[in-house]
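A closer look at the structure
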Amino acid sequence: ALTFEEIEAMFGQVVRSIVEGETKVSKLPKLAFSDYADEQAENLRQMFVAMTDDYRIIIVKLADRLHNMRTLRHMKPEKQIKISRETLDIFAPLAHRMGIWQFKSELEDTAFMYLYPQEYKRLNRRLRQHQSQFRDTLDKSQNIMLRTLTADQTLKDQATEVKVYGRTKELYSLWHKMEMKGDDNL
């Protein structure tokens, strides 16, 4: 491992500051995780943001957590669950607040896979079975929307081009929504 001085000599003061900040933030979850109450998780998220003057530190921390989640399969099950719980309670909401949607989605889905493996497999299987139906529905909806928008003379006069995009909901987000509604239908 490099010292902060070596990092500064190699990459400059700015990078040293980011690495020092990330190191300081890395120690926080270990201090605060005896209980997983939502209020404590929210307080910890706010501390992350308050403790850093440079948002790049949080981005580095999120990238580090994403890397850890991608390599979680090499850890013991207890560690997988602990890290996944932290990720779902702290890091995914933090990514959401920062508007880093891809991080948020991957963090949530990976944590979901370790925390609720049966539900993850069942929902993933069901989604794959319905994937072509969902894709067809999305394509038809996009085509209808595109035809409607391009047929509107006012829109044609105002816009040079109309694009319609769609996506399927992420696994964790879909499961969470189904749980909240008590609904099992996709």
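Think of each chain on its own: its residues are numbered from 1, step by step along the sequence as written. Since the coordinates come from a predicted model, pLDDT governs what is reported: local features require at least 70, and pairs of side-chain atoms require 80 or more to be given and counted, while whole-chain, interface and lining totals use all residues. Derived side-chain values reflect all non-hydrogen atoms in the structure, with water molecules and hydrogen atoms excluded from consideration.

**Thoughts on the environment of E8**
Applied cut-off: Every helix listed is a DSSP run of H or I at least four residues long, and every strand listed is a run of E at least two residues long, numbered separately from the N terminus. The contact criterion used is simple: two residues touch if any of their non-hydrogen atoms lie within 4.5 Å. N or O atoms closer than or at 3.5 Å make up a polar contact, with two conditions inside protein: a donor-capable atom paired with an acceptor-capable one, and, for residues adjacent in sequence, both atoms drawn from side chains.
Examined against the element boundaries, E8 turns out to sit in helix α1 (residues 4-11). Residues E8 and V19, eleven residues apart in the sequence, show an inter-C-alpha distance of 9.7 Å. Once residues lying within four places of it in the same chain are set aside, the contact partners of E8 are Q13 and R16. Among the polar contacts made by the side chain of E8, one reaches the side chain of R16 at a distance of 2.8 Å.

**Here's the deal with the pattern of salt bridges**
To be explicit about the condition: What counts as a salt bridge is simple: a side-chain nitrogen of Lys or Arg found within 4 Å of a carboxyl oxygen of Asp or Glu. The buried label goes to any residue with under 20% of its type's maximum accessible area, the exposed label to any with over 50%, and the partly exposed label to all in between, with areas taken from a 1.4 Å probe on protein chains only.
Considering all chains together, one arrives at eleven salt bridges under this definition. Residue R16 is joined to E20 by a salt bridge in which the shortest nitrogen-to-oxygen separation is 3.4 Å. On the criterion of helical spacing, the pair formed by R16 and E20 is a turn pair, its members being four residues apart in helix α2 (residues 13-26). By relative accessible area, R16 is classed as buried at 15%. Accessibility expressed as a relative area gives 28% for E20, which makes it partly exposed. Close ionic contact of K61 with D64 constitutes a salt bridge, the shortest N to O distance being 3.5 Å. Of this pair, K61 and D64 are both found in helix α5 (residues 55-70), three residues apart, which corresponds to roughly one turn of the helix. Assessed through its relative accessible area of 7%, K61 is described here as buried.

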